[in-house]
Amino acid sequence: MLKLDAGPALMARGVIGRSGAIVAFLGVALFVVPAVLGGDWIKTLTAVAIYAVVAAGLVTLYGRVGMISLGQIALLAIGTWTATRISFAAGLPFPVLLLVTGAITCVVGVIVGLPALRLSGLYLALLTLIIAAATKVFLDKLDFPNGGGGFTGRSATGALTTETPAIRRPSWAHGDVPYYRYTVIVCALMFLLALVHVSLKPGRAWAAIRESEPAAIAAGVNITLYKMWAFALASFVTGVAGCLLAAEVGVPRAITFQTQDSLILAATALIGGIYSLWGAVIAGIFNQLFPFLFQAQWGISSNYLLIIFGAGLLQVLLTAPGGLVQQFPKDMANLGRLVWRGVGALRELRS
C-alpha cells in the first residue's frame, strides 16, 4: 500500500518543485534583473521576453501537435503592424490594444491555417514559409511602417518623420524598466495560457494527433477543430507579442521582419527544446540576447551566430532531440557523478 501511495506524493512534490522554480524565475526577472542591469540590457531583455512568446507559439504547433510552422515571424509582423495602425487610429487603453491585436492576429492565423489542414511535414513547412515571404512583400508594399495618424498611417510624404507619434505604453509603464516588468508579466500570462491548454483536453488531443492522426480519429478526436485551435492559440500569443514589440520600439521604423528570421527562430526553438515551453525561453535568449552580446558587448559580428546555431541544430538532430532543456540537466548529472567518483577514487588513493 505504501508503494501505491508513493506515486501521487512524488507527483505532488514534482508539481510543487516546478511551481517554485517558476515563481523564483519570475521573481529574479522582475526584481533582481532591473536592480542589477539597465540601459540597453533592459531593452534587450524586453525583446527576449517578447521573442520567447513567439517561440512558445512555435513550440505549441510543432512540439505539441507536430505541425511545422515557419511563419511565426510573419505573424509577429502582422501583430506589430496591427498594433501600430490601431494605436494611431484610436486611443484604446493598452490592455485592450493587446487583446484586440491578439484577436486580429488570431483570425489571420486561422485563415492561414485553413489550407494547411491537409498538409504535414515538409509541405506544411514550405507553405508557411511562402506565406511568411508573401507577408513581407505585402508589408513592404504598404511601406510599413509609415508616418501619419489614422488607420492608414500615411503622412504627407508617405514616409516616417520625426513628428510621427509613438505608440503609447501603459500609463504606469512609460519608462524602460517599468515597461520591461509589464512585458514580463504579460509574457508570463501568455505562457500560462499555453500551459493551461497543454495540461487540459486540448493538450491531450494535440498529443494524440502528434503521435498518429488515424489513431486520434479512431479515438474520436476532431482533427480539424484541434489543429485550428492550435493555430489560433499560437497566432493569438504571437499577436500579443507583436503589440508589445510595437510599444517597445515606439514607432517601429527600425524593425525588419526578414523571412529567414522564421528559420532562425525554428532552429533556436529546436536547440532550446521544442517539446517544452522552457525551450521557448532559451529560443528567446538565443534570438535576442546572443546578438546583443556579440555585437554590442564583444564587438563580434552576429553573423557568426549562424554557424553556432547550425552546429547546435545538427547536434540536437543527431544526439539530443529534446534540446538543451532535456540534455543539459542529464549532462550536468553525468558530470556530477563523474566528479564524485573521481573524488572517491582520490580519497582511496590517499588512504
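Summarised in this report is the structure supplied together with it. Model, not experiment: these values are computed from the prediction.

**Notes on the overall build of the chain**
Part 1 of the argument: Within the chain, the secondary structure is distributed over 13 helices and zero strands.
Part 2 of the argument: Starting at the N terminus and ending at the C terminus, the chain contains elements arranged as α-α-α-α-α-α-α-α-α-α-α-α-α.
Part 3 of the argument: When burial is assessed residue by residue, the chain has 44% of its 351 residues classed as buried.
Part 4 of the argument: Expressed as a percentage of contacts within the chain between residues at least 6 apart in sequence, the contacts between residues at least 24 apart total 75%.
Part 5 of the argument: Roughly 17900 Å² of accessible area belongs to the chain as shown, and the carbon and sulfur atoms make up 70% of that amount.

**Points about the pattern of salt bridges**
Part 1 of the argument: Overall, the coordinates contain five salt bridges when judged by the stated rule.
Part 2 of the argument: The shortest N-O distance in the salt bridge between Lys43 and Asp176 comes to 3.5 Å. Here Lys43 is found in helix H2 (residues 40-65), whereas its partner Asp176 is found in helix H6 (residues 176-199), with 133 residues between them in sequence.
Part 3 of the argument: Lys43 gets classed as partly exposed once you look at its relative accessible area, which sits at 33%.
Part 4 of the argument: Owing to a relative accessible area of 30%, Asp176 belongs among the partly exposed residues under this scheme.
Part 5 of the argument: A salt bridge links Asp176 to Arg169; its shortest N-O distance comes to 3.4 Å.
Part 6 of the argument: Several salt bridges share partner residues, and in doing so they unite Lys43, Arg169, Asp176 and Glu248 into one network.

**Observations concerning helix H4 (residues 94-113)**
Part 1 of the argument: Over its 20 residues, H4 runs 28 Å from end to end, which matches the ideal 28 Å to within 8%, given 1.5 Å per residue.
Part 2 of the argument: Every buried residue of H4 is accounted for by Phe94, Leu97, Leu98, Thr101, Gly102, Thr105, Cys106, Gly109 and Gly113.
Part 3 of the argument: Buried residues along H4 sit in contact with helix H3 (72-89), H6 and helix H9 (223-249).

**So, empty space enclosed by the protein**
Part 1 of the argument: In total, this model carries one cavity of 30 Å³ or more according to the counting rule given.
Part 2 of the argument: Put simply, the largest cavity is a space of about 60 Å³.
Part 3 of the argument: If you list the elements that add at least two residues to the lining of the largest cavity, you get H3 and helix H5 (121-141).
Part 4 of the argument: Looking at the lining of the largest cavity, its residues break down into five nonpolar, four polar and one charged.

**As for the environment of Pro95**
Part 1 of the argument: Along the polypeptide, Pro95 turns up in helix H4.
Part 2 of the argument: Given the relative accessible area of 45%, Pro95 is considered partly exposed.
Part 3 of the argument: Separated by 75 residues in the primary sequence, Pro95 and Pro170 have C-alpha atoms spaced 7.8 Å apart.

**Details of H9**
Part 1 of the argument: With 27 residues, H9 extends 39 Å between its outermost C-alpha atoms, agreeing within 8% with the 39 Å of an ideal straight helix rising 1.5 Å per residue.
Part 2 of the argument: Burial of H9 is extensive: 23 of the 27 residues sit out of reach of the surface.
Part 3 of the argument: Backbone nitrogen of Thr224 and a side-chain oxygen of the N-cap are separated by 3.4 Å at the start of H9; the cap is Asn222.
Part 4 of the argument: Once H9 finishes, Gly250 follows within two positions and takes phi at roughly 95°, a positive value.

Cut-offs used in this document
Residues numbered from 1 in each chain as written. Predicted model: local features only at pLDDT ≥ 70, side-chain atom pairs only at ≥ 80, totals over all residues. Heavy atoms only, no water. Helix = DSSP H or I, 4+ residues; strand = E, 2+ residues; numbered from the N terminus. Buried < 20%, exposed > 50% of the residue type's maximum accessible area, 1.4 Å probe, protein only. Contact = heavy atoms within 4.5 Å. Areas by Shrake-Rupley, 256 points an atom, 1.4 Å probe, with all protein chains shown as cover. Salt bridge = Lys/Arg side-chain N within 4 Å of Asp/Glu carboxyl O. Expected span 1.5 Å × (residues − 1). 1 Å grid on protein atoms, 1.4 Å probe; cavity = no way out; pocket = protein on both sides within 12 Å on 5 of 7 lines; lining within 4 Å. Points joined across faces, edges and corners; volume = space filled by probe spheres on them. Nonpolar A, V, L, I, M, F, W, Y, C, P; charged D, E, K, R; others polar. Polar contact = N/O pair within 3.5 Å; in protein donor to acceptor, adjacent residues only side chain to side chain.

Any functional reading would require information that these geometric values do not contain.
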